[in-house]
Amino acid sequence: MHTLVVLGLVGFGAQLINGSLGMGYGVTSTSALLAVGTAPALASATVNLSQVGSQLVSGYAHWRFGNVDWDIVRRVALPGAVGAFIGALVLSRLSTAAARPLMAIILIVLGVYILVRFTVWGTPRGQLGRRIRSRVLMPVGLVGGFVNSTGGGGSGPIITSALLATGRLTPRMVVGSISAAEFAVVSAGRAGVIVGLGLGGIDLAWVLVMLAGGVLAAPVAAWLTKHVPSRMLGSLIGGLIVVVTLRNLFQGGNAAVPTGAATAVLAGAVLAWMCAVAWSAREHLRTARADVVG
């Protein structure tokens, strides 16, 4: 019983982060399951299947709160699903280890750009509302879906960072649209896993309990996304991209960095992230007061 309660809390926390920031379900839930002694293969399978249901509810909740641009969803979901299914089928034959350092560098650069952009200058306004071309969305969706299956997660940081970097959508619309599109991505990826590997070894009770936690968290996360100021939300997302990417890079053994140095870099990144969010909150309140006075 204790294990099921922990799993429910893990599902709730993971979906709360993922649904409000557009990424983080996999890294949050998998890390928590591994921390309580779950075998890596079982942890991965449980997380992957539970995310399918929670993403469905998350997409619906974001739609109800007005956070979804269905044009973006349509043009990201289809290539993302294709990439995820192909990635799942070739998972056993393909190693993406060599590409991870390059992907990590790209994501860190994008994350820092987003963090600085929203922290220093706030929400970009000149580009908002302009249509993002399919020649940008389709490759981003395809790569995000493929990496999500072959790399054990990653579609959120890739797609979210790319859309935010265009400056054409507010953070809440990016998060909501990606949450809706990710249902197709994770569903296609899990279908590919089932076709290639079957369902052996998966505890469906664990999946259902994590799913229940995710379902409860989804509307809360969508509400937070709608009401957290765009400037703060952009800073939160940019910092999360940097921190999660650094963590994955160091833990993956792809960087020849001593453990102590890696810990110091991560701690510094988290501290800088928290300072940026605090600054964004301060600037939002200052601007809001000035608007009231004006």
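Structure's up top.
Residues numbered from 1 in each chain as written. Predicted model: local features only at pLDDT ≥ 70, side-chain atom pairs only at ≥ 80, totals over all residues. Heavy atoms only, no water.

**A word on the overall build of the protein**
Selection criterion: In this text, helices come from DSSP runs of H or I with a minimum length of four residues, and strands from runs of E with a minimum of two, each type numbered from the N-terminal end. The buried label applies to any residue whose accessible area, calculated with a 1.4 Å probe on protein chains only, is under 20% of its type's maximum; exposed applies above 50%, and partly exposed to all values in between. Contacts were defined at the residue level, with two residues in contact if any of their heavy atoms lie within 4.5 Å. Each accessible area value is a Shrake-Rupley result obtained with a 1.4 Å probe; residue values ignore everything except the protein chains displayed when judging cover.
Assigned secondary structure in the protein consists of 11 helices and zero strands. Reading the protein from its N terminus to its C terminus gives the helix and strand order α-α-α-α-α-α-α-α-α-α-α. The proportion of buried residues among the 294 residues of the protein is 45%. A separation threshold of at least 6 residues defines the contact pool for the protein, and within that pool the share at least 24 residues apart is 85%. Here the protein has roughly 13600 Å² of accessible surface; of this, 71% comes from carbon and sulfur atoms.

**Here's the deal with the packing of helix α1 (residues 2–21) against helix α2 (residues 25–35)**
Geometrically, a packed helix pair is captured by the angle between its two axes and the distance between the axes. So the rule is basically this: The axes are straight lines fitted to the C-alpha atoms, using for helices just the contacting stretch, and the angles between their N-to-C directions are given from 0 to 180°. Should an angle lie under 35 degrees it is considered roughly parallel, over 145 roughly antiparallel, and from 65 to 115 roughly perpendicular; all remaining angles are considered oblique. Note on convention: the crossing is left-handed when the near helix lies turned anticlockwise from the far helix by less than a right angle, right-handed when the turn is clockwise. Three categories are distinguished: nonpolar for Ala, Val, Leu, Ile, Met, Phe, Trp, Tyr, Cys and Pro, charged for Asp, Glu, Lys and Arg, and polar for the others, with Gly belonging to the last.
In contact at an axis separation of 8 Å, α1 and α2 are set at 155° when each is read in the N-to-C sense. Regarding the angle of α1 to α2, the classification is roughly antiparallel. Here α1 runs over α2; the crossing is right-handed. Contacts from L7, V10, G11, A14, Q15, I17 and N18 of α1 reach α2 at Y25, T28, S29, A32 and L33. Among the residues making up the contact of α1 with α2, the classes are represented as seven nonpolar, five polar and no charged.

**A look at α1**
Selection criterion: By definition here, a helix of n residues has an expected span of 1.5 Å times n minus one.
Between its first and last C-alpha atoms α1 spans 29 Å; for 20 residues at 1.5 Å apiece the expected length is 28 Å, and the two agree. Every buried residue of α1 is accounted for by L7, G8, V10, G11, A14, Q15, N18, G19, S20 and L21. A positive phi of about 85° marks G22, the residue just after α1.

**Re the nonpolar core**
Test applied: As used in this record, nonpolar core signifies buried Ala, Val, Leu, Ile, Met, Phe, Trp, Tyr and Cys residues forming a set joined through side-chain atoms within 4.5 Å.
By size, the foremost hydrophobic cluster in this structure holds 43 residues, and its most contacted members are I72, L163 and I237. Every element with two or more residues in this core is listed here: α4 (70–89), α5 (100–121), α6 (134–150), α7 (155–166), α8 (171–197), α10 (230–251) and α11 (259–293). Per element, the largest residue contribution to this core is 10 residues, and it comes from α10. In this structure, I72 is in contact with I132, L137, L163, L169 and S177, ignoring residues within four places of it in sequence. Core analysis: the second largest hydrophobic core is formed by nine residues, L7, V10, A14 and A43 among them.

**Examining the side chain of Q15**
Here Q15 is to be found in helix α1. With residues near it in sequence (within four places) discarded, Q15 still touches S20, Y25, S54, Q55, S58, G214, A217, A218 and A221.

**Focus: a nonpolar patch on the surface**
Note the threshold: Without a salt bridge and with relative accessible area above 30%, a residue can belong to a patch; like charges are then joined within 9 Å and nonpolar side chains (Val, Leu, Ile, Met, Phe, Trp, Tyr) within 5 Å. Any carboxyl oxygen of Asp or Glu within 4 Å of a side-chain nitrogen of Lys or Arg constitutes a salt bridge here.
Taken together, the side chains of L78, V82, I86 and L142 define a hydrophobic patch exposed on the protein surface, amounting to about 340 Å² of accessible area. Along the chain, I86 turns up in helix α4.

**What to know about the pattern of salt bridges**
In a structure, side chains of opposite charge can pair up when their charged atoms sit close to one another. For the coordinates displayed, the defined rule picks out five salt bridges. The closest approach of N and O atoms between R286 and E283, which form a salt bridge, is 2.8 Å. Taken as a pair, R286 and E283 lie in helix α11 at a separation of three residues, close to a single helical turn. Exposure remark for R286: the relative accessible area of 42% places this residue in the partly exposed category. Each member of the salt-bridge network shares a partner with another, and the members are D71, R74, R75 and R131.

**Some remarks on the environment of R74**
Basically, it comes down to this: Think of a polar contact as two N or O atoms within 3.5 Å of one another; within protein, one of them needs to be a possible hydrogen donor and the other a possible acceptor, and neighboring residues in sequence only count if both atoms come from side chains.
Checked against the element boundaries, R74 lands in helix α4. Residues R74 and A184 lie 110 residues apart in sequence; the distance between their C-alpha atoms is 9.9 Å. There is a polar contact of 2.6 Å between the side chain of R74 and the side chain of D71.

**Considerations on the packing of α1 against helix α9 (residues 204–227)**
Direction vectors running N to C along α1 and α9 enclose 30°, while the axes themselves pass 6 Å from each other. The two elements α1 and α9 meet at a crossing, and its hand is right-handed. The residues of α9 that touch α1, namely those facing T3, L4, L7, G8, V10, G11, F12, Q15, L16, G19 and S20, are W206, V209, M210, G213, G214, L216, A217, A218, V220, A221, L224 and T225. Considered class by class, the residues forming the contact of α1 with α9 number 14 nonpolar, nine polar and no charged.

**Considering the environment of I17**
The topology assignment puts I17 in helix α1. The sequence separation of I17 and A217 amounts to 200 residues, and the corresponding C-alpha distance is 9.0 Å. Residues within four places of I17 in sequence aside, it is in contact with G22, M23, T28 and L240.

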